[in-house]
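Structure at a glance
Spelled out, the chains give:
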Amino acid sequence: QVQLVESGGGLVQPGGSLTLSCAASGFTFSNYGMSWYRQAPGKERELVAAITNFGGGTNYADSVKGRFTISRDNAKKTVYLQMNSLKPEDTAVYYCKASRLSSWGQGTQVTVSS
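Since the model is a prediction, treat every value here as computed from it, not as a measurement.

1. Looking at the overall build of the chain
For the chain, the helix and strand inventory stands at zero helices and 10 strands. Going residue by residue from the N terminus, the α and β elements of the chain occur as β-β-β-β-β-β-β-β-β-β. What you see for the chain is a C-alpha radius of gyration of 13 Å, in line with the 13 Å of a compact globule of 114 residues. The dimensions of the chain, computed from C-alpha atoms along their principal axes, are 40 × 25 × 25 Å.

2. Digging into the nonpolar core
Membership of the largest hydrophobic core comes to 31 residues, with the highest contact counts inside it found for Phe27, Trp36, Val79, Leu81, Met83 and Tyr94. Of all the secondary structure elements, the ones that give two or more residues to this core are strand E3 (18-25), strand E4 (34-39), strand E5 (46-51), strand E7 (68-73), strand E8 (78-83), strand E9 (92-98) and strand E10 (108-112). Those residues within four positions of Met83 in sequence are excluded, and the remaining contacts are Gly16, Ser17, Leu18, Leu20, Arg67, Phe68, Tyr94 and Val110.

3. Re the state of the cysteines
Tallied over the full model, the rule gives one disulfide. Across the disulfide, Cys22 is cross-linked to Cys96 (sulfur-sulfur distance 1.9 Å). Where Cys22 bonds to Cys96 through sulfur, the torsion about that S-S bond is close to 40°, and the disulfide is right-handed. One end of the pair, Cys22, is in strand E3; the other, Cys96, is in strand E9, and 74 residues separate them in sequence.

4. Quick notes on the sheet that holds E9
In any sheet, the strands associate via hydrogen bonds between backbone groups, in a parallel or an antiparallel arrangement. The strand order across the open sheet formed by six strands is E2-E10-E9-E4-E5-E6, and the pairing between neighbours is mixed. Two strands in the sheet have a free side with no partner beyond their single neighbour: strand E2 (10-12) and strand E6 (58-60). Pairs of neighbouring strands in the sheet enclose a mean axial angle of 25°, with direction left out of account.

5. With respect to unusual backbone geometry
The backbone phi angle of Lys77 is positive, close to 55°, even though this residue is not glycine. Locating Lys77 in the fold gives a position in the loop between E7 and E8. Phi at Ser85 is positive, roughly 50°, even though this residue is not glycine. Relative to the elements of secondary structure, Ser85 occurs in the loop between E8 and E9. Residue Ser85 is classed as partly exposed on the basis of its relative accessible area, which comes to 39%.

6. Digging into the environment of Asn59
Note on placement: Asn59 falls in strand E6. Classification of Asn59 as partly exposed rests on a relative accessible area of 46%. Between the alpha carbons of Asn59 and Ser35 there is a distance of 9.1 Å; along the sequence they are 24 residues apart. Once residues lying within four places of it in the same chain are set aside, the contact partners of Asn59 are Val48, Ala49 and Ala50.

7. Considering the pairing of E4
Looking along a regular strand, one sees side chains alternate from face to face of the sheet. As judged from the five bridges shared by E4 and E5, these two strands associate in the antiparallel manner. Directly across from Trp36, in E5, lies its bridge partner Ala49. Here E4 pairs with E9 via six bridges, running antiparallel. Within the sheet, the bridge partner assigned to Ser35 lies in E9 and is Lys97.

So, how was this worked out
- Residues numbered from 1 in each chain as written.
- Predicted model: local features only at pLDDT ≥ 70, side-chain atom pairs only at ≥ 80, totals over all residues.
- Heavy atoms only, no water.
- Helix = DSSP H or I, 4+ residues; strand = E, 2+ residues; numbered from the N terminus.
- Rg over C-alpha atoms; globule rule 2.2 N^0.38 Å.
- Core = buried A, V, L, I, M, F, W, Y, C linked by side-chain atoms within 4.5 Å.
- Buried < 20%, exposed > 50% of the residue type's maximum accessible area, 1.4 Å probe, protein only.
- Contact = heavy atoms within 4.5 Å.
- Disulfide = S-S within 2.5 Å.
- Pairing = 2+ DSSP bridges.
- Axes fitted to C-alpha atoms, helices over the stretch in contact; angles between N-to-C directions.

Okay, here's the thing in structure tokens:
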């Protein structure tokens, strides 16, 4: 059974930083690319960042390029999202997802506000 458990969200001031984690189980983690998505109130879920199965390739939404970094630790079956220079428009529920698998975790709330 595929399980994805996101953590690390919270309330942060504009310009601040957070690191999100997603612990995976129930599948061979190193066989799958991983992605982070987010969904703000009243908006559709959008892709934020993606990483290939061994971390050799990454891809980012234009809105987060230069501020966010996706990484992974296959030994720990965990994918991370380092978020710097946070803006109020980054406020959303953040989810991780494995490529080609349909499961979603519960998400973690990130709120950027003064």
